[in-house]
Amino acid sequence: MNNPLWRLFSGTVRGVNQAMAYLSALLILICSLVLVYEVVTRYILQISNDWVIELSIFMLIAATFLAAAHTQRERGHVGIEVLDEVMSKRASRYRLLLGDILSMLFCGLVAYLSAVYCFEAWDQGWTTSSTWGPPLWIPYFFMALGMLLLTLQFIVQIIEGLMGKVPDLPSHSHAVVLGD
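The paragraphs below set out a description of the structure included in this document. Everything quoted here is computed from the prediction, not taken from an experiment.

Notes on the packing of aromatic side chains
So, point 1. The full count for this structure, using the stated rule, is 6 aromatic pairs.
So, point 2. Pairing Trp122 with Trp137 gives two aromatic rings, centres 5.1 Å apart and planes at 70°, and the pair type is edge-to-face. Of this pair, Trp122 sits in helix α4 (residues 89–124) while Trp137 sits in helix α5 (residues 137–162); the two residues are 15 residues apart in sequence, bridging distant segments of the chain.
So, point 3. Given the relative accessible area of 54%, Trp122 is considered exposed.
So, point 4. Judged by relative accessible area, which is 27%, Trp137 ranks as partly exposed.
So, point 5. Here the aromatic cluster, defined as three or more aromatic residues joined through ring pairs, consists of Tyr117, Trp126 and Tyr140.

If you want it as structure tokens, here you go:
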């Protein structure tokens, strides 16, 4: 991996995904504060806010999709842990490579379809049916962006896997040692 262009690309993908993970955490914090605001205004001040639930849903959609690539980089998505324990390191590399290729294809398709849907929502002015009525292109945009970032992360992992870099396998040692 001594190619400077590759180092720039993979470093940029990693950096953007790290930034999106921080943004995702911030969105979850803001969402929590907005929901606390809703509880206080609804049950203490007797004021109903119809925008809170939709805003929270939009922020949680964005947080979920924006954090997906960082989670993949850390191999934090759901996996079959027992295979890591029973397969050789070489077989696990091939298994992860095949999984990454199939996942990249799926995520690329979902990114493309989400982008098409986002454009349709933008072009046709789709909004939610609430009285607030925020535009629906916003959650579709975050879906498309998150899936694009996830696809790029898979590309980095696939190329590194093909170049012989051993993937960082998650540690699954959950053993508890009981002392006397």
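Quick word on the packing of α4 against α5
So, point 1. Taken N-terminus to C-terminus, the directions of α4 and α5 make an angle of 155°; their axes are 7 Å apart at the nearest point. Classified by the angle their axes make, α4 and α5 are roughly antiparallel. Along this stretch, α4 crosses α5, giving a crossing that reads as left-handed.
So, point 2. Residue composition of the contact of α4 with α5, by class: 23 nonpolar, 6 polar and 2 charged.

A few points about the nonpolar core
So, point 1. Counting 20 residues, the largest nonpolar core has Leu27, Met59, Leu66, Cys107, Met147, Leu150 and Phe154 as its most contacted members.
So, point 2. For this core, the element with the highest residue contribution is helix α2 (residues 52–73), accounting for 7 residues.
So, point 3. In this structure, Leu27 is in contact with Met59, Ala62, Ala63 and Leu66, ignoring residues within four places of it in sequence.
So, point 4. Counting residues in each nonpolar core, the second largest holds 5 residues, with Phe58, Ala121, Leu136 and Tyr140 among its members.

A short note on the environment of Ile155
So, point 1. One can find Ile155 in helix α5.
So, point 2. For Ile155, a relative accessible area of 25% gives the class partly exposed.
So, point 3. For the pair formed by Ile155 and Met104, sequence separation is 51 residues and the distance between their alpha carbons is 7.0 Å.
So, point 4. Setting aside residues no more than four positions away along its own chain, Ile155 makes contact with Trp6, Phe9 and Met104.

Here we look at a nonpolar patch on the surface
So, point 1. Side chains of Val36, Val39, Val40, Tyr43, Ile44, Leu45 and Ile47 sit close together on the surface and give an oily, nonpolar patch of about 700 Å² of accessible area.
So, point 2. Turning to its location among the elements, Ile44 is positioned in the loop between α1 (4–43) and α2.
So, point 3. Residue Ile44 is classed as exposed on the basis of its relative accessible area of 62%.

Here we look at α1
So, point 1. With 40 residues, α1 should cover 58 Å at 1.5 Å per step; its first-to-last C-alpha distance of 58 Å lies within 8% of that length.
So, point 2. The complete set of buried residues in α1 reads Trp6, Ser10, Val13, Asn17, Met20, Ala21, Ser24, Leu27, Cys31, Val34, Glu38 and Thr41.
So, point 3. Against the buried residues of α1 lie α2 and α5.

Details of the side chain of His70
So, point 1. Counting through the fold element by element, His70 comes out in helix α2.
So, point 2. With relative accessibility at 17%, the residue His70 sits in the buried group.
So, point 3. Filtering out sequence-adjacent residues up to four positions away, His70 remains in contact with Asn17, Gln18 and Ala21.

Re the packing of α1 against α5
Two quantities define a packed helix pair, namely the angle between the axes and the distance from one axis to the other.
So, point 1. The contact between α1 and α5 brings their axes to 10 Å, and the two run at 140°. Looking at the two axes, α1 sits oblique to α5. Crossing angle aside, the handedness with which α1 passes α5 is left-handed. Note on element contacts: α5 touches α1 through Leu149, Leu152, Gln153, Ile155, Val156, Ile159 and Glu160, opposite Trp6, Phe9, Ser10, Val13, Arg14, Val16, Asn17 and Met20.
So, point 2. Of the residues contributing to the contact of α1 with α5, the split by class is 10 nonpolar, 3 polar and 2 charged.

Criteria and thresholds
- Residues numbered from 1 in each chain as written.
- Predicted model: local features only at pLDDT ≥ 70, side-chain atom pairs only at ≥ 80, totals over all residues.
- Heavy atoms only, no water.
- Phe/Tyr/Trp six-rings, centres within 6.5 Å; stacked < 30°, edge-to-face > 60°.
- Helix = DSSP H or I, 4+ residues; strand = E, 2+ residues; numbered from the N terminus.
- Buried < 20%, exposed > 50% of the residue type's maximum accessible area, 1.4 Å probe, protein only.
- Axes fitted to C-alpha atoms, helices over the stretch in contact; angles between N-to-C directions.
- Parallel < 35°, antiparallel > 145°, perpendicular 65-115°, else oblique.
- Left-handed = near helix turned anticlockwise from the far one by under 90°.
- Nonpolar A, V, L, I, M, F, W, Y, C, P; charged D, E, K, R; others polar.
- Core = buried A, V, L, I, M, F, W, Y, C linked by side-chain atoms within 4.5 Å.
- Contact = heavy atoms within 4.5 Å.
- Patch = residues over 30% accessible without salt bridge, like charges linked within 9 Å, V, L, I, M, F, W, Y side chains within 5 Å.
- Areas by Shrake-Rupley, 256 points an atom, 1.4 Å probe, with all protein chains shown as cover.
- Salt bridge = Lys/Arg side-chain N within 4 Å of Asp/Glu carboxyl O.
- Expected span 1.5 Å × (residues − 1).

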